[in-house]
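# Inside the fold
Here's the letter readout for the chains.
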Amino acid sequence: MRPEPKVKSFEIDKRLVYGAWEKVRANRGAPGVDAVSIERFAAAERDNLYKLWNRMSSGSYFPGPVRAVEIPKDHGAGVRVLGVPNTADRIAQTAAAMLLEATLEPIFHRDSYGYRPGRSAHDALAVARRRCWRQDWVLDIDVRAFFDSVPHDLLLKAVAHHTDERWVLLYIERWLKAPMQMADGTLVAREKGTPQGSPISPLLANLFMHYAFDRWMDREYPGCPFERSADDVVAHCDTEEQARQLQAALTERLGSLGLELHPAKTKIVCVPRAQEREVVV
């Protein structure tokens, strides 16, 4: 290892950066706009990791643009644009995510299931089925273009509430503002949103929704339990009127935060009544 400069702007553990590299290497993934693949980065692993750690520690680290990749949505509902960072940027993001996750996981809501260790959509489905026996109405919620719409100022405020690590705050802001490079090479500035495809985006999405939705629901609608996976939510209600009131309140709540319920995908559904289910069983 090269001799370290005496003065660093930030104290970043080299073991954290190396652990992040191991995660990125295990996850594989396509290269970003600089075309540096996992294999190419690994060919000069020691030198590349030192350079990345050194830049992050000195405050001179700036991420490259993210590469726009279009993938089809389910059921032919158009395309979703992912933002693929460079390999070095994925390592840096993963390091920050690992540090934040240790603090955030213990405070996240018990009914938040998406992008969390040891939790899955199957767990959420099992809980939803049990709750449907007790409450007959469901508000099926989808936030329109959630990952493209999250306001940066509120997101950074939420991050700052949970960490004193200045480098984490600085680099998250830089990652959020990094432009997206389209297939034709043009750069698109980003003033809001956190691109899907970036390692830290799922954690940031859960943190934003923790305050925008989870805690708000506990405070304002404690009788409406829910299961949430990122921006997809199922909320249980006693009556159709309660479900309509919740939908109206959520429209106002999320609208005040720069988000919008998807009009076509957000629905109120009546599930079979408990008495009818007992007869069937």
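Above this text is the structure in question.
Each chain has its residues counted from 1, running along the sequence as written. The predicted nature of this model means local features are confined to residues of pLDDT at least 70 and side-chain atom pairs, given and counted, to a pLDDT of 80 or more, with totals for whole chains, interfaces and linings taken over all residues. To obtain the side-chain values, all non-hydrogen atoms of the structure were used and water was disregarded.

Classification of ring pairs uses Phe, Tyr and Trp, with its six-membered ring standing for Trp, and accepts pairs whose centres are within 6.5 Å; under 30 degrees between planes counts as stacked, over 60 as edge-to-face, and the remaining range as tilted. This structure, assessed with the given rule, holds 10 aromatic pairs. Pairing Trp-216 with Tyr-221 gives two aromatic rings, centres 5.7 Å apart and planes at 45°, and the pair type is tilted. In terms of burial, Trp-216 and Tyr-221 fall into one category: buried. One aromatic cluster is present, formed by Phe-10, Tyr-61, Trp-167, Tyr-171 and Trp-175 through successive ring pairs. The ring of Trp-53 is capped by Lys-14, whose NZ or CZ atom sits 4.6 Å from the centre of that ring. Over a ring means this: the NZ of a Lys or the CZ of an Arg is within 6 Å of the ring centre and within 35 degrees of the ring normal. The side chain of Arg-119 reaches across the aromatic face of Tyr-113, ending 5.1 Å from its centre. Each residue's exposure class comes from its accessible area (1.4 Å probe, protein chains only) as a fraction of the maximum for that residue type: buried when under 20%, exposed when over 50%, partly exposed otherwise.

Further remarks concern helix α9 (residues 201–220). Count 3.6 residues to each turn of an α-helix, and residues three or four apart come out pointing the same way. A rise of 1.5 Å per residue sets the reference length of α9, with its 20 residues, at 28 Å; its end C-alpha atoms lie 27 Å apart and thus fit the reference within 8%. The term bend refers to the angle at a residue between two fitted axes, each drawn through seven residues, those ending there and those starting there. Only DSSP runs of H or I reaching four residues or more are called helices, and only runs of E reaching two or more are called strands; each is numbered from the N terminus. Approximately 50° is the largest bend angle found in α9, and it occurs at His-210. α9 sits mainly inside the fold: 15 of its 20 residues count as buried. Helix span, expected: 1.5 Å multiplied by one less than the number of residues in the helix.

A few words now on the pairing of strand β3 (residues 137–142). Most of β3 sits out of view: five of its six residues are buried. Pairing of β3 with strand β7 (residues 232–237), which is carried by six bridges, proceeds in the antiparallel orientation. Bridging across to β7, Val-138 finds its partner in His-236. Here, strands pair whenever DSSP counts at least two bridges between them. The pairing of β3 with strand β8 (residues 267–270) spans four bridges and is antiparallel. When the sheet's bridge partners are listed, Trp-137 is paired in β8 with Cys-270.

Function-wise, these values are silent; they only describe arrangement.
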